[in-house]
Amino acid sequence: MIWMRNIAIGVLAMTFAACLLAGTIAPASYAMQFREEPDAAPSHQHWLGTDDLGRDRFSRLLQGTRISLLLAPAAAFLTSVLAGLIGGIAGYWGGWTERVLMAAADLVLSLPWLFLLLTARALMPLNVSPMNSVAITFLILGLLGWAAAARVVCAGARSLRASDFSLQARAMGCGEARLLFRHVAPNLQPMLLTQFWISIPVFILAEANLGILGLGVVEPLPSWGSLLKELSGLTAISGQPWVFVPLLLLIAVVTSFQVLLVDQELPS
Amino acid sequence: MNSRSRVLLSLIFFFVTTLASAQGGGQLRFCLRSDPKTFDPVLVDDDPSERVRYITGGFLMRLNRFTQQLEPELATSWKVSKDGRTISFRLREGLRFSDGTPFSADDVAFTMQRLMDLSLHSPTGDAFRSGDGKVQTQVLAPNKISVTFPAPIASLDQHFDQVAIMSAKSPKKEMAVLGPFYVSDYKAGSYLQLNRNPNYWKHDENGRQLPYLDSVRLDIQGNRDTEMLRFLRGEIDLVDNVDAEYYSRVQTEQAGSGHDSGVTLDPEQVWFNQTPKSPIPAYKRAWFRSTNFRVAIWQALNRDDIARIVYRGRAQSAVGMLSPADKFWFNTRLTTHSYDRQGALKLLAQDGFRLQNGQLFDRDGHLVEFSLVTGAGNKTRERIATMMQQDLSQIGIKLNVVPLDFPSLIERITRTYDYEACLLGLTNMSLGPDAQMNVWLSSADNHQWNPRQKQPETAWEAEIDRLMRTQASSLDPKKRKEAFDRVQQIAWEQAPFIYLVNRHALSAISPKLHNAQPAVLQPYVYWNIDRISKSAEVASK
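Conventions and cut-offs
- Residue indices follow the written sequence of each chain, beginning from 1 at its first position.
- Chains carry letters from A onward and ligands carry numbers from 1 onward, assigned in written order.
- Per-residue local features are limited, in this predicted model, to residues with pLDDT of at least 70; the limit for side-chain atom pairs, both in listing and counting, is 80 or more; totals at the level of whole chains, interfaces and linings are taken over all residues.
- Water and hydrogen atoms play no part in the side-chain values, which are based on all heavy atoms of the structure.
- Where helices and strands are cited, they refer to DSSP runs of H or I of at least four residues and of E of at least two residues respectively, numbered from the N terminus.
- Each residue's exposure class comes from its accessible area (1.4 Å probe, protein chains only) as a fraction of the maximum for that residue type: buried when under 20%, exposed when over 50%, partly exposed otherwise.
- Being paired, for any two strands, means DSSP has found at least two bridges between them.
- Axes, fitted as lines to C-alpha atoms, cover a helix only where it is in contact. Angles between the N-to-C directions of the axes lie from 0 to 180 degrees.
- Residue contacts are counted whenever heavy atoms from the two residues lie within 4.5 Å of one another.
- A helix is expected to span 1.5 Å multiplied by its residue count minus one.
- The pocket and cavity definitions rest on a 1 Å grid over protein atoms only: a 1.4 Å probe that fits but cannot leave marks a cavity, an open set with protein on both sides within 12 Å along at least five of seven lines marks a pocket, and residues lining either have an atom within 4 Å of a point.
- Grid points are joined across faces, edges and corners, and a volume is the space filled by probe spheres set on the points.
- What counts as a domain boundary in this text is fixed by an automatic or database domain assignment.
- Buried area: the accessible surface (1.4 Å probe) lost by two parts on joining, summed over both.
- Each salt bridge in this description consists of a side-chain nitrogen of Lys or Arg and a carboxyl oxygen of Asp or Glu lying within 4 Å of one another.
- Put simply, Ala, Val, Leu, Ile, Met, Phe, Trp, Tyr, Cys and Pro go in the nonpolar bin, Asp, Glu, Lys and Arg in the charged bin, and everything else, Gly too, in the polar bin.

1. A look at the overall build of chain A
Item 1. When helices and strands are counted, chain A shows eleven helices and zero strands.
Item 2. Secondary structure elements in chain A, listed N-terminal to C-terminal, are α-α-α-α-α-α-α-α-α-α-α.
Item 3. For the C-alpha atoms alone, the extent of chain A along its principal axes is close to 80 × 45 × 30 Å.
Item 4. Split into buried and exposed, the 268 residues of chain A put 49% on the buried side.

2. Comments concerning the pairing of strand E6 (residues 136-141) of chain B
All names here are of chain B.
Item 1. Bridging between E6 and strand E7 (residues 144-148) involves five bridges; their strand directions are antiparallel. Bridged to Val139 within E7 is Ile145.
Item 2. Once E6 ends, the chain turns through two residues before running back antiparallel as E7.

3. Comments concerning the sheet that holds E7 of chain B
Residue and element names in this part refer to chain B.
Item 1. If you trace the four strands from one edge of the open sheet to the other, you get E4-E5-E7-E6, paired in antiparallel fashion. Here the strands that pair on one side only, and so sit at the sheet edges, are strand E4 (75-80) and E6. Each strand axis lies, on average, 15° off the axis of its neighbour in the sheet, ignoring direction.
Item 2. Inspection of the sheet shows E4 paired to strand E5 (residues 86-91) by five bridges, in the antiparallel sense. Bridge pairing links Trp78 to Phe89 in E5.
Item 3. Where helix H3 (residues 105-116) meets the sheet, it contacts E5, E6 and E7, and its direction lies at approximately 180° from that of E6.

4. Some thoughts on helix H3 (residues 57-93) of chain A
Residue and element names in this part refer to chain A.
Item 1. Across its 37 residues, H3 extends 53 Å between first and last C-alpha, which sits within 8% of the 54 Å expected from 1.5 Å per residue.
Item 2. With respect to burial, H3 is a largely interior element, 27 of its 37 residues being buried.
Item 3. Gly94 lies just past H3 and shows a positive phi near 60°.

5. Section: empty space enclosed by the protein
Residues and elements named next belong to chain B.
Item 1. Inspection of every chain in the model, using the stated rule, returns five cavities of 30 Å³ or more.
Item 2. Phe39, Pro41, Thr56, Glu174 and Val177 are the residues nearest the centre of the largest cavity, which is lined by 20 residues in total.
Item 3. Ranked by residues supplied to the lining of the largest cavity, first place goes to helix H2 (residues 47-56) with four residues.
Item 4. Two domains each put at least three residues into the lining of the largest cavity: domain 1 (22-57 + 179-237 + 510-541) and domain 2 (58-170).

6. Some remarks on the domain arrangement of chain B
One frequent convention defines the size of an interface as the accessible area lost when the parts assemble.
All names here are of chain B.
Item 1. With domains assigned, chain B is organised as domain 1 (22-57 + 179-237 + 510-541), domain 2 (58-170) and domain 3 (263-503).
Item 2. In this structure, domain 2 and domain 3 have C-alpha centres spaced 37 Å apart.
Item 3. Every contact between the two is made by eleven residues of domain 2 and, on the other side, ten residues of domain 3.
Item 4. Buried surface at the junction of domain 2 and domain 3, both sides included, amounts to about 760 Å², of which 49% is carbon and sulfur.
Item 5. When residues of domain 2 are sorted by the area they lose upon contact with domain 3, Gln68, Ala154 and Ser155 head the list and together hold 55% of the total.
Item 6. Between the two partners, domain 2 and domain 3, sit zero salt bridges.
Item 7. In the side of domain 2 that touches domain 3, the residues fall into four nonpolar, five polar and two charged.

7. What about the environment of Lys379 of chain B?
Item 1. Its location among the elements puts Lys379 of chain B in helix H12 (residues 379-393).
Item 2. When the C-alpha positions of Lys379 of chain B and Val42 of chain B are compared, they lie 34 Å apart, and in sequence the two are 337 residues distant.

8. Here's the deal with the pattern of salt bridges
All names here are of chain B.
Item 1. Summed over the entire model, instances satisfying the criterion amount to 46 salt bridges over all chains.
Item 2. Asp219 is paired through a salt bridge with Arg29; the nearest N and O atoms lie 3.0 Å apart. Of this pair, Asp219 sits in strand E10 (residues 215-220) while Arg29 sits in strand E1 (residues 27-32), and the two are 190 residues apart along the sequence.
Item 3. Since its relative accessible area comes to 24%, Arg29 is described here as partly exposed.
Item 4. We note a salt bridge from Asp418 to Arg412, for which the minimum N-O separation is 3.4 Å.

Here you go:
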């Protein structure tokens, strides 16, 4: 399956490169409305045509991809760190610490996160710039996403605590802190890495779903969510195949992440 | 009679009955967006219930949605007293409700009593609550009745367009109706079946009893996409209110099915929060309370572009608080504020604003930036807001668009006043100033920019208060028009609301339907449902 991995790496590398060079490649500002050309077909000037307000679709796709691909891994990193800390401590110490922390995880899992996000948005100051608004959205996603991963990490840490090598280390006089950071934590690393890779597409899709509800990134900033929102509704399916490019890119990127994840989990 | 003759007679009978049934008007199908909350015409407070009341109710008089004139229905004539408190009706005789119960003046009296019963909180009855005291009904004869109100009511007769007469004696209560159809079956969340009222009193010019249709089936369908798909597949016969983007698709796929009846009464509007108790900074409130600032914003918005792009040309720049669709009340001397970026900057300069490196600053050096709240998920308003962003950036203003879920939005604009500007649409169900009282009086709850004022805070608001009260208490249409023209002019000059566009009344009607005459007042298509038919033969007779 090396060829699949190579394709996945190629897709992600090209996508990230395009995002980094968005300022140079993009033919127009993502917010500029060419009002004489709304809903235009692809042309030399607008490679993917224009949207219903006359904005260049290609420029918006580049900017939207940049936002989603920058902030989704950041949120996934935050989630993984929180899951590692909370799950690791709970599993390693066990007892009432585990019970309290896992009860907290259950509480977070039971929260209706959509309503929480709605409430958070309603409570935010109104004069927040679009960029800050999207950063806050991903921060909330990151802060809410740790619970499920923490449960997995907790189970892993618990089994590591009771493992033979831990017993042997203790018998040789190894302190608890050294045991945790020197022996247990490195063994949790693959698990956390897996959680990180899993979280990225989850957050990308979560933002896309929020965008469809009108709660993600605010205008005029584009994101994959707001680009996908254009596809909702009957009129989207109206003989303009180029409007599906953001969807195809989302599928390609999420699939690439999954391919890399599976490849990492398979024994070499 | 021998057996051959019997067979022949049977065949003739069969052909005659088949022909007769073939000439029936058929079944009309369309959708309601949600279940009606009530079938009691007095308690109607939601759009689906209002639509059912429109189709099933019998009214003393009706506003013709096409001509915008009142026409007699159950009342053959009526007279309003000089003091504007009493209205007397002469009723049609020999009419029956759908269940066969006879109709008389007692039913009108019964309806009025229920309508004015405070314990029922009838929204329809609110229009008749002119002052303290009881409403007195006097049955003068089985076909004559007079109703006296404690205080004068302007346009008293027009309010009866909403009053469906109920039976005082029928055991079926509100299910016995005088309209063209009655409710025969209802499955919540699924459909509503209305059958032809066999006792409906109207006849066409050829003496044929109306309605032409045999039945109406209203499917409960909340999703607009599904509704449009069902129309395009021929499963439903009409969509009464079509969005501009769907309209283009209807025109493309079924040429001739889309109908644009012209500009409606409904404006999209923006207003700034001027409430003194709002938690916004004082310097921003000072901007919002400046007439020059508000008019400058109005001039800086390219509303023709909004009409052309967001509404695909199926809207027009709004002139002011009334749309030209209101033929009598619209002030024809007013013209739309034209798009004029330089003019806007000049007005702003008069208030000390200055443009510096593409950014606008006020006289104290504050960057001009404000937020605009609107309903999340409303594509049309989000597009309008995005276009406003670009237009205002041309004069150096930074606009932050904040889509909020509807309960949060309502909380902010009606209770906490924690917002700076708001973009919303208004649905005008009736003509003229009567429905505008709760918006334009400075003490009103819906005086959005600064509600519930104890005393008018500005001279122009005081003048509007005076003019609105003058027109409401006057019975002379000419005087009322003069007063309301002046109100429109003040609203145009002071711009407490910045009116963006008036959308067109767009509908989709199957070519199988006959006699449909789409209008600009709601309901757009089936306002003459008793004359609509699915049989060309019936319709042409």
